[in-house]
Amino acid sequence: MNIVLLGAPGAGKGTQAQKLVEEFGLAHISTGDLLRAAVKVQSELGLQAKAYMDAGKLVPDQLVINLVKERLEADDAQSGFILDGFPRNTAQAVTLDSELAAMERNLDAALLVDVKPDVIVKRLSSRRTCRSCGYTAPAGVDVCPRCGGEMYQRDDDKPETIQKRLDVYQTQTAPLIEYYRGHSILKEVDGDRPVDEVYADVRALLTK
Ligand SMILES: [Zn+2]
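Everything quoted here is computed from the prediction, not taken from an experiment.

The residue L6 is located in strand β1 (residues 2-6) in this model. Taking the relative accessible area as the measure of exposure, L6 reaches 2% and is therefore buried. Distance from L6 to L176, taken between C-alpha atoms, is 8.1 Å for residues 170 residues apart in sequence. For L6, the contacting residues outside a window of four places in its chain are K13, A110, L111, L112, V113, L176, I177, Y180 and L186.

Turning our eyes to something else, we now look at the confidence of the model for the chain. This prediction gives the chain a mean pLDDT of 92; 100% of its residues lie at or above 70. Within the chain, helix α7 (residues 159-173) has the poorest average pLDDT of any element, 87, and strand β8 (residues 186-190) the best, 97.

Across the interface, helix α6 (residues 117-125) lies against α7 with an axial gap of 10 Å and an inter-helix angle of 135°. The orientation of α6 with respect to α7, classified from their angle, is oblique. Our pair here, α6 against α7, has a crossing hand that is right-handed. For the pair formed by α6 and α7, the contact residues are P117, I120, V121, L124 and S125 on the first element and P159, I162, Q163, R165 and L166 on the second. A class-by-class count of the residues in the contact of α6 with α7 yields 7 nonpolar, 2 polar and 1 charged.

About the cut-offs
Residues numbered from 1 in each chain as written. Predicted model: local features only at pLDDT ≥ 70, side-chain atom pairs only at ≥ 80, totals over all residues. Heavy atoms only, no water. Helix = DSSP H or I, 4+ residues; strand = E, 2+ residues; numbered from the N terminus. Buried < 20%, exposed > 50% of the residue type's maximum accessible area, 1.4 Å probe, protein only. Contact = heavy atoms within 4.5 Å. pLDDT = per-residue confidence, 0-100. Axes fitted to C-alpha atoms, helices over the stretch in contact; angles between N-to-C directions. Parallel < 35°, antiparallel > 145°, perpendicular 65-115°, else oblique. Left-handed = near helix turned anticlockwise from the far one by under 90°. Nonpolar A, V, L, I, M, F, W, Y, C, P; charged D, E, K, R; others polar.

Structure follows, in structure tokens:
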């Protein structure tokens, strides 16, 4: 099962991905995690990415694509994967399709976790993130349950920046919904419900 996850920041994609990983043994490929890991081990791509990040610039598409490609070739991604945070725009989606075709693979589903913008704003402004491992939890959790690291509010999750992130999502990433609908692999789920209810629908959509 090869899946692309779609949805606004804060829609709960990571939580659903985790559940799919546990049940179906898919490789969870998050570009945020990939970038952090590459920088940490100082791989060639990691060092290139770090130069952009240190300069406060966006890591270029091609570099991200190379990282994803390298990750898709790893052993644990052969039986299936979930892409989270990639593709972020239609150009990346087109590139992904051609890279997969070159590997004689294809996408089975683009799963959209749909949540209304006002709900997203509420969710994100109460979100805290682990400084060490990137785990997220609602405000009130001060110590990371996964690694014991310190939980803090990312600048990205402050109300003044959330609207900007949603605007970027609307202009760049939302067109992907139409792209995948056009390829007849779009599956939509209402993400504004308890996690387990959302997952029950996700599971039904992906296994039918
Ligand atoms: Zn942690």
